[in-house]
Amino acid sequence: MSNDPGQRLHVALVHHPVVNKIGETIGSAVTNLDLHDIARTARTYGVAGYSIITPYSDQQELVAEILDHWKTGHGAQANPARKEALECVDIKISLDEAVDGLQKQYGSKPLLMATSAVPGPKRLGYRETRAKLDKGELILLLFGTAHGLAKEVMERVDYLLPPIQPDSDYNHLSVRSAASIILDRLLGEGRDE
């Protein structure tokens, strides 16, 4: 295994189960921007893999079509850097499938971590999370779409990272912006505490 801590970090963008603005459990739509931008950030910071989690076949087909265009189609020829970024992306139908796949690949179950803009229990700071990566722990970091991860997902996670800007009266970053900030805090040279 590599000494690069990013090679022990996998990220997943969860589209189901997530919640809407009134707290109902829903499934959200995959967006082209999230797919590309988080893949580019993951590649920049050396993250081992990026999973799109959606149980919906039409959304899976959309992701597969986009990936095919950029990995093997005309996009691969036109933009090799984008092809390289998207090489780390895969599609999973559920969180269970993502966890099982990592367990088979690495021989151990990943530590489940999530992000949340809402303060709460089970918090683990960026420095402590980086220390776990440095010690060789395998982590699957979950990002939620819509208005965040559903309660059933939050109950499964081992730890939550602190909110990005906990004292702000406006807490509505796009998930791709949040992913960039969080990956920089975990893996960047000028890591925050």
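Sequence positions are assigned chain by chain, starting from 1 and proceeding in written order. In keeping with the model being predicted, local features are shown solely for residues with a pLDDT of at least 70 and side-chain atom pairs are shown and tallied solely at 80 or more, while totals for entire chains, interfaces and linings include all residues. Remark: hydrogens and water are excluded; side-chain values derive from all non-hydrogen atoms of the structure.

Before going further, it helps to examine the environment of Arg-43. Helix and strand labels come from DSSP, where a helix needs a run of H or I of at least four residues and a strand needs a run of E of at least two; each type is numbered from the N terminus. Following the sequence through the fold, Arg-43 ends up in helix H1 (residues 32-44). What makes Arg-43 partly exposed here is its relative accessible area of 41%. Put simply, Arg-43 and Arg-82 are 39 residues apart on the chain and 9.8 Å apart in space, counted from C-alpha to C-alpha. Non-local contacts of Arg-43, meaning those with residues more than four positions away in its chain, are made with Glu-84 and Ala-85. One polar contact links Arg-43 to Glu-84, side chain to side chain, over a distance of 2.4 Å. For the exposure calls, accessible area comes from a 1.4 Å probe over protein chains only, and a residue counts as buried if that area is under 20% of its type's maximum, exposed if over 50%, partly exposed in between. Here, residues are in contact when the closest pair of their heavy atoms is within 4.5 Å. In protein, a polar contact requires one atom able to donate a hydrogen and another able to accept it; more generally it is a pair of N or O atoms within 3.5 Å, and residues adjacent in sequence count only if both atoms are side-chain atoms.

The salt bridge definition used is simple: a Lys or Arg side-chain nitrogen within 4 Å of an Asp or Glu carboxyl oxygen. Summed over the entire model, instances satisfying the criterion amount to 10 salt bridges. In this structure, the salt-bridge partner of Asp-37 is Arg-176, at a minimum N-O distance of 3.6 Å. Here Arg-176 lies in helix H8 (residues 175-187) and Asp-37 lies in helix H1, a separation of 139 residues in the sequence. For Arg-176, a relative accessible area of 24% puts it in the partly exposed group.

On to the packing of aromatic side chains, then. For any pair of aromatic rings, the description consists of the separation of the ring centres together with the inter-plane angle of the planes. Two aromatic rings from Phe, Tyr or Trp, using only the six-membered ring of Trp, form a pair when their centres are within 6.5 Å; if the ring planes differ by under 30 degrees the pair is stacked, by over 60 it is edge-to-face, and anything between is tilted. As enumerated under the stated definition, the model contains 0 aromatic pairs in all. Above the plane of the ring of Trp-70 lies Arg-82, whose end atom (NZ or CZ) is 5.3 Å from the centre. To sit over a ring, a charge needs its Lys NZ or Arg CZ within 6 Å of the ring centre and within 35 degrees of the ring normal.

Whether parallel or antiparallel, the strands of a sheet pair through hydrogen bonds between backbone atoms. A sheet is described by the order of its strands in space; here 6 strands give the open sequence E5-E4-E1-E7-E6-E8, paired in parallel fashion. Edge positions in the sheet fall to strand E5 (89-92) and strand E8 (159-160), since each of these pairs with one other strand and no more. With 4 bridges joining them, strand E6 (residues 111-114) and strand E7 (residues 139-144) adopt parallel strand pairing. Across the sheet, the residue bridging to Met-113 is Leu-141, located in E7. Axis definition: a line fitted to C-alpha atoms, limited for helices to the stretch in contact. Angles are taken between N-to-C directions and run from 0 to 180 degrees. Against the sheet, H1 makes contact with strand E1 (9-14), strand E4 (49-53) and E5, and its axis sits at roughly 160 degrees relative to E4, the strand it touches most. Across the sheet, helix H6 (residues 126-134) is in contact with E1, E6, E7 and E8; its angle to E7 comes to roughly 140 degrees. Two strands pair under a simple rule: DSSP has to find at least two bridges between them.

Moving on, we come to the packing of H1 against helix H2 (residues 57-71). Any two packed helices are characterised by how steeply their axes cross, that is the angle between the axes, and by the distance between the axes. Contact pair H1 / H2: the axes reach a minimum separation of 11 Å and the direction vectors enclose 50 degrees. By the angle class used here, H1 and H2 are oblique. Crossing angle aside, the handedness with which H1 passes H2 is right-handed. For the pair formed by H1 and H2, the contact residues are Asn-32, Leu-35 and His-36 on the first element and Val-63, Ile-66, Leu-67 and Trp-70 on the second. The nonpolar class holds Ala, Val, Leu, Ile, Met, Phe, Trp, Tyr, Cys and Pro. Asp, Glu, Lys and Arg form the charged class, and all remaining residues, Gly among them, are polar. For the contact of H1 with H2, the per-class residue count stands at 5 nonpolar, 2 polar and no charged. Note on terminology: angles under 35 degrees are roughly parallel, angles over 145 are roughly antiparallel, angles of 65 to 115 are roughly perpendicular, and the others are oblique. Crossing chirality is assigned from the near helix's rotation relative to the far helix, an anticlockwise turn below a right angle marking it left-handed and a clockwise turn marking it right-handed.

Bringing the environment of Lys-109 into the picture now. One can find Lys-109 in the loop between helix H5 (95-106) and E6. Judged by its relative accessible area of 55%, Lys-109 is exposed. Along the backbone, Lys-109 and Glu-137 are 28 residues apart, and their C-alpha atoms lie at a distance of 9.6 Å. Ignoring sequence-local partners within four residues, the contact set of Lys-109 consists of Val-99 and Gln-103.

Between the first and last C-alpha of H5 there are 17 Å, a value that for 12 residues agrees with the 16 Å anticipated at 1.5 Å per step. Every buried residue of H5 is accounted for by Leu-95, Ala-98, Val-99 and Leu-102. All buried residues of H5 project into a common sector of 95 degrees when viewed along the axis, lining one side. Close packing links the buried residues of H5 with E1, E4, E5, E6, E7 and helix H7 (151-154). Phi turns positive one or two residues past the end of H5, at Gly-107, with a value near 80 degrees. Each residue after the first adds 1.5 Å to the expected span of a helix. Read the arc as the range of directions from the helix axis to the C-beta atoms.

Nothing here speaks to function; it is geometry throughout.
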